[in-house]
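# Inside the fold
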Amino acid sequence: QVQLVESGGGLVQPGGSLRLSCAASGSIFSINAMAWYRQAPGKEREFVAVISVSGGGSTHYADSVKGRFTISRDNAKNMVYLQMNSLKPEDTAVYYCNVAIRRTVAAPFENYWGQGTQVTVSS
């Protein structure tokens, strides 16, 4: 069984910062990539950021968060982080951790989702 546990969400004022964490545990042979998505009320889930586990950890960001958010990872601990700065009201959403995991050497990669953590940006 694979479990993703997210933390760090909460209420923050516009211009403030939050740091989200996601820890993957359980039956994990390898991880391909780790990403963050978010879903605002009445909207579809959208991509936020992704980081490669291999190599130097290349990253990609949605245009809406470039320059404000930073994704990072700790491969040894199977953790991914999202540092969110200069938060805006439109960043309000449930943020989900997404990890591509191979459970065994013979298994294909599968996408696992965290339970989501609420981020609310409001004065």
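Only a predicted model underlies this, so the values are computations on that prediction, with no experimental measurement involved. (Residues numbered from 1 in each chain as written. Predicted model: local features only at pLDDT ≥ 70, side-chain atom pairs only at ≥ 80, totals over all residues. Heavy atoms only, no water.)

Among the nonpolar cores identified, the biggest contains 31 residues, and W36, L82, M84 and Y95 are the most heavily contacted of them. Counting residues per element, the ones that place at least two in this core are β1 (2-7), β3 (18-26), β4 (30-39), β5 (46-52), β7 (69-74), β8 (79-84), β9 (93-102) and β11 (117-121). It is β9 that provides the largest number of residues to this core, a total of five residues. With near-sequence residues (within four places) excluded, L82 lies in contact with L18, R19, L20, W36, V48, A49, F69, T70, I71 and Y95. (Core = buried A, V, L, I, M, F, W, Y, C linked by side-chain atoms within 4.5 Å. Buried < 20%, exposed > 50% of the residue type's maximum accessible area, 1.4 Å probe, protein only. Helix = DSSP H or I, 4+ residues; strand = E, 2+ residues; numbered from the N terminus. Contact = heavy atoms within 4.5 Å.)

Within the element layout of this structure, S52 appears in strand β5. Side-chain polar atoms of S52 contact the side chain of S54, separated by 3.3 Å. Look past the residues within four positions of S52 in its chain and what remains in contact with it is N32, G57, S58 and R73. (Polar contact = N/O pair within 3.5 Å; in protein donor to acceptor, adjacent residues only side chain to side chain.)

A complete count under the given rule lists one disulfide for this structure. A sulfur-sulfur distance of 2.2 Å marks the disulfide that ties C22 to C97. The chirality of the disulfide connecting C22 with C97 is left-handed, given an S-S dihedral of about -80°. Taken together, the residues span a long stretch of sequence, with C22 in strand β3 and C97 in strand β9 at a distance of 75 residues. Across the pair, C97 and C22 agree in class, each one buried. (Disulfide = S-S within 2.5 Å.)

Relative to the helices and strands, V99 is located in strand β9. A residue is classified by how much of its surface remains accessible, and V99, at 0% relative accessible area, is buried. For V99, the contacting residues outside a window of four places in its chain are L4, I31, A33, M34, E110, N111 and Y112.

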